[in-house]
Structure formats: C-alpha cells, structure tokens
Amino acid sequence: MKYKVHFLIGATLVGFQAFGQGTVTPSTNRDSNMVKQLFFAGLREKMSENYVVASTNFNKIVGLDPNNHAAYFELANANLRLDKLPEAEQNIKQAIKLNAGNLWYWRLLGEVYKRTNKMPELIEVFNQLIRLDPENDAYYFDKANAQFLDNQLDAAKKTYDEIQGKFGDSRDLVNARKRLQSNGNATESDIVKLLEGNQADVKNYLYAAGLLLQKGNDPEALKVLTKAQQLEPNSFEVNLALADIYRKQKNDEAAFSSLKLAFESNEMPLAEKVKIIAALFPKISQPVVAKNVTELSKLVAEKNPSEAKALALYGDVLYQQNNLREALVQYQAALKLNEQVYAVWEQVINIQTLLGHYEEAIKVGDEALSIYPNQASLYYYMAYALFKTGKYEPAQNNLKTSLQLDVENKSLQAQIYALQGDIYINQNNFAPAKTAFEKAISIEPDNYLIMNNYAYYLALRNDDLTKAAKYAETAANAMPNNPSIVDTYAFILFKQQKYDLAKTWIEKALQNNSSKNGVYLERYGDILFMKGEKDAALVQWQKAKEAGNGSEVLIKKINEKKYFK
C-alpha cells in the first residue's frame, strides 16, 4: 500500500530564534498571537536571507502594533541588508524613540551612519553609548576615532584627555594620540606606518586593518592581521577578521580554521558565536559548511554546558542534517536548563513524532501545555500524536481547541482540518472527512500536500474521480519533482483508464524515485499491462519485488503474469 504524505509544523533554528530575541513567555492575550507569529516568521526569513519577505512581516507588525520597538529594530536590520539605508535609518530611529535605553538599537544606528559616512551623527551615537555604558572604554576610543576621521582633531584630543582622566594611561591611549599626528589625512602608507616600532599592538592592527578594508586594500589588510595574529594568536577579534577576509577570497578551509580559533576563545561572547552559526544555516546543505558548522556548534555546546541557548543551537544544527536522535538529546538538555523556551518544547515534540515515539510526544506535550496552555500549535502536535496512537476523540478535542486559540494562522488552520479529515477516514466516517478536506483546501489553496492526500483518499474509494483527478493534477503540476504526488496523479489516471497519460506521469515519478519505491514500480507494471505491453509489465513487477515490495497481489501478478486488482 502507498504511504501518504504527512507533515508537521516543525520549528527550526530554535536556538537562535528563541534565545536571540529573548524567551517566549506564556501569553493569555489572544490578540498578540498574530504579532508573535509574524515576528517569528520574520526571524525565520531573515536567517534564510530572505530579507524582502522578512521586512514584509515586520512591516505588518508595526502596522498592527506601532509601539513594537523590537519589530522596528528587525525592520531596520532587514533594510540595512537590502541596502535601503534611508529606510533603515528611519526604522532604527523609531525604535530608539520608543526605547532609548537599548544599547543594540544605538549600535545599529551607528552601523547605518558608518555606511552612510555620517560622521557627526556617528559621534552623537557614541555619546549615547557612553551615556548608557560609561565604563566601556571602547566607546570613548570609537568616538575619538570618528572625530579623527571627521577631521575634528581638537575634539579627538579632548576625548583622549577624557579617557586618560577616567581610565588612566595605557598603550592604546599612547598609540591613539600618536595617530593624531597624521592630521586627519591617513593614507594607506600612513596606516601601515602606525604599526611600526613600539606602536605595534593588536588594537592598532585591527584599527589599521579596518581602514585598509574600507579602502578596498584586502591584501594589505591580510598582512596586517597576520602580524596581529603573531602578537596574539588567541585574539578572537583578529581571527574573526581573518575569517572574514578568507571568506571573501572564497578560501573556505582557511576561513573555517580562523573561525574555530576564534570560537576556542572564552573571551568571544556567546551571542556572537550564535549569530555567526545562524548566519551559516542557509548554506548548511553544502558539505564543507555542514561539516564545519557541526564542529563549531558542538564546540560552543561543550564550552557552554550550562547555557541552554548553546545546547539548543547545537540541536538546531543536528536537526538541519536530519540527525534527529542526537538533536533530541541537545533539546532535552536545553529544556532541563530553561523550560521557559516554547520553541524548544515544540521541536522536542516534533522530533518525537517524526521518530514515531507518539506516546512520548503526548507526555512531553502535556508538560508543555502546563506551561503554555494557550499555544495553538501545541494542541495540533498533541492531536497528531493522539491520532497515531488511535485516540481519535481526544485528538479531535485538541484540534477544536487549537482552532479556537488561533483564528489568524491560515496554514495551521488548514493542517488542523486536514488532520480532522484523516481521523474521520480512520473512523470510516467519510462525509465529514470530505467536508474537512474541502475546508482545508479552501483555507490554503496552495497547500499541495493536503490536496494530494485528499485526492488519494477519493481515489482509494473510487469516489468522485473527476474531482480527485483535478486536485491531483494541480498538485502534480505544482510539485513535479515530488514522486509521491506525481504517483497519486498517475494512480488516478490509471483508475480513469487513461493509460497513455498515466504512463507519462508514472515515468516522471520514477525519474525522481531515488529510493526505488516498489509501489511506483508496481504501478508502472500495471499501466504497461493495460496498454498491452505484458512482457514489459512483468519486468517492472519483478523490479518492484526486488525493491522490497512483497505484497501478495504483486507476487500473484508475477507468478500468473497478469494484472490483479
């Protein structure tokens, strides 16, 4: 028998999403569900580098909630990635207007001003950062550097005097003051000269490399950073800068080698490590990226065993590579450290379901619901696990609750009605099953998996084959590389005795049949037999048997060399 396609709402990248924006807390405000879902949808698109779609989601949020400063911040991030600098500036200014005490908002505004070369405005940003974090000498040095680059030499000198008065003398301060001797006209040769003799320290090297990179002189910047690494081999800042240059040169081996050196440093903030790994997720299908990202995330987890976000991140990486069992271990360990992370709960239930551990999924779902009783998707997961264990009435009750909790998420609603249809079919209750499937398709008309499943059920019962063929054809044309969906259409055409067209579509299914599915091969043989190609049919039936299809009907077809229903 053909196995129909089931699907879940799997939460991915939970380590970055859930922890990068703060943990999700239980909510009793049903009106906030849409904003929350749009926010997480925007984050998913951002990490997939779909910044246009991400900005659309965040724009919807600020339309619904004009005081959502986090959404303005993310919208600014997306527009910055899209090189929409005026829009990014406007967005982050609005975020700051709503929450002027957030360091990250001011830092992002600083990045915008750097890109637009607005040095006076950048200087004011550093004034605000100093106001918020007066004990961080880096902001004072950055302010003086901006004044230096803006040719405000007297102002830069006063800032250095302020640094001396507040933090005392240091080599950094001595070198910075010497930099003023360039009179604001730093050339590439001047930048390199700054590093000669006693002035050669890591911060100077990093500063000089940054200026060289701004001028597009990557080879000279690489030389400078190599010298810096010789001074401090374990400097994560130097190794990150080297990794960035190697990446631009498409030297993956050197880039990941430098990244690993940076990640080994206990001085490198965990948030920065999470951000870098998350940025690599869109390329994890590439073997070299998958190998190195796995090693990096494992390193982060091993060095931070008491940080839930580190364990969840490693779980994300394993999950993306379909290493479900090991991913589950990491997620479960993360929940032991911090149970107030909804996305991790959802991922644990998702994996338990994918592994067929339905009773365990129900148990975990009950635990999650005790913390998050208003999460609609949790009730859907519970319903699916209950359905798979034959507990149909409790499953239906959970689906009804899910529908009541979330009236905005059309995709979730469609899956709920489709699962209701599955349950009714297993109860031999076909009239409400058809109603449920029709409702699902009307809510999400481009969900071709639901459409395919419904068409297949209709075909199994020889019920309205015209409608079944219409749905199956739509799904097959939309997803021609999905062999299961294409096979459904071939199956229905076979039942309609349209053997020539059925042959065309079953051959398409077999072209993408990398797993050598014996059901498709048997179907191919059936179609050939009906076309009068009996010898060719027997060959396909034998291939189906060799592929593991051991049905009694197939064996009878082979032995008697004729078709049987």
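Student: Please clarify how the overall build of the protein should be interpreted in this entry.
Tutor: Regarding its fold elements, the protein presents 32 helices and zero strands. For the protein, the residues scored as buried account for 51% of the 565 residues in total. Sequence separation of at least 24 residues holds for 54% of the intrachain contacts in the protein that already meet a minimum separation of 6.

Student: Would you explain the pattern of salt bridges in this entry?
Tutor: Throughout the structure, instances matching the rule amount to 18 salt bridges. We note a salt bridge from aspartate 487 to arginine 523, for which the minimum N-O separation is 2.9 Å. Of this pair, aspartate 487 sits in helix 28 (residues 483-495) while arginine 523 sits in helix 30 (residues 518-530); the two residues are 36 residues apart in sequence, bridging distant segments of the chain. This pair shows no difference in class: aspartate 487 is buried, exactly as arginine 523 is. Linked by salt bridges that have partners in common, Glu89, Lys93 and Lys118 make up one network.

Student: Before we go on, may I ask you to explain unusual backbone geometry in this structure?
Tutor: Apart from glycine, the bulk of residues carry a negative phi angle, and the bulk of peptide bonds sit in the trans form. Backbone geometry places asparagine 462, a non-glycine residue, at a positive phi of 55 degrees. Note that asparagine 462 resides in the loop between helix 26 (448-460) and helix 27 (465-478).

Student: Just checking my understanding: could you explain the nonpolar core for this structure?
Tutor: Soluble globular proteins tend to bury their nonpolar side chains together. Judged by nonpolar contacts, the single largest core of 99 residues is most densely connected at Leu419 and Trp541. For this core, the leading source of residues is helix 22 (residues 376-388), giving 11 residues. Residues contacting tryptophan 541, with those up to four places away along its chain left out, are Glu522, Gly525, Asp526, Phe529, Leu554, Lys557, Ile558, Lys561, Lys562 and Tyr563. Of all hydrophobic cores here, the second largest spans 47 residues; its members include Ala71, Tyr72, Ala144 and Phe148.

Student: Which parts of the structure should I look at to understand the packing of aromatic side chains?
Tutor: Two numbers describe a pair of aromatic rings. These are the distance of the centres and the angle of the planes. If you walk through the whole model with that rule in mind, you get 16 aromatic pairs. For the pair tyrosine 140 and phenylalanine 167, a centre-to-centre distance of 5.3 Å together with 75 degrees between the ring planes defines the contact as edge-to-face. In this pair, tyrosine 140 is assigned in helix 8 (residues 137-149) and phenylalanine 167 in helix 9 (residues 153-167), connecting sequence segments 27 residues apart. The partly exposed category is assigned to phenylalanine 167, whose relative accessible area is 31%. Each member of the aromatic cluster is reached from another via a ring pair, and the members are Phe437, Tyr454, Tyr457 and Tyr471. The ring of tryptophan 104 carries the charged tip of arginine 107 above its face, separated from the ring centre by 4.7 Å. In this structure, lysine 556 is placed above the aromatic ring of phenylalanine 564, and the distance from its NZ or CZ to the ring centre is 4.4 Å.

Student: Honestly, the side chain of aspartate 487 in this entry has me stumped. Any pointers?
Tutor: On the basis of relative accessibility, which here comes to 0%, the residue aspartate 487 falls in the buried class. At 2.9 Å, the side chain of aspartate 487 forms a polar contact with the side chain of arginine 523.

Calculation criteria
Residues numbered from 1 in each chain as written. Predicted model: local features only at pLDDT ≥ 70, side-chain atom pairs only at ≥ 80, totals over all residues. Heavy atoms only, no water. Helix = DSSP H or I, 4+ residues; strand = E, 2+ residues; numbered from the N terminus. Buried < 20%, exposed > 50% of the residue type's maximum accessible area, 1.4 Å probe, protein only. Contact = heavy atoms within 4.5 Å. Salt bridge = Lys/Arg side-chain N within 4 Å of Asp/Glu carboxyl O. Core = buried A, V, L, I, M, F, W, Y, C linked by side-chain atoms within 4.5 Å. Phe/Tyr/Trp six-rings, centres within 6.5 Å; stacked < 30°, edge-to-face > 60°. Lys NZ or Arg CZ within 6 Å of the ring centre and 35° of its normal. Polar contact = N/O pair within 3.5 Å; in protein donor to acceptor, adjacent residues only side chain to side chain.

Remember, this is a structural readout, not a statement about activity or role.
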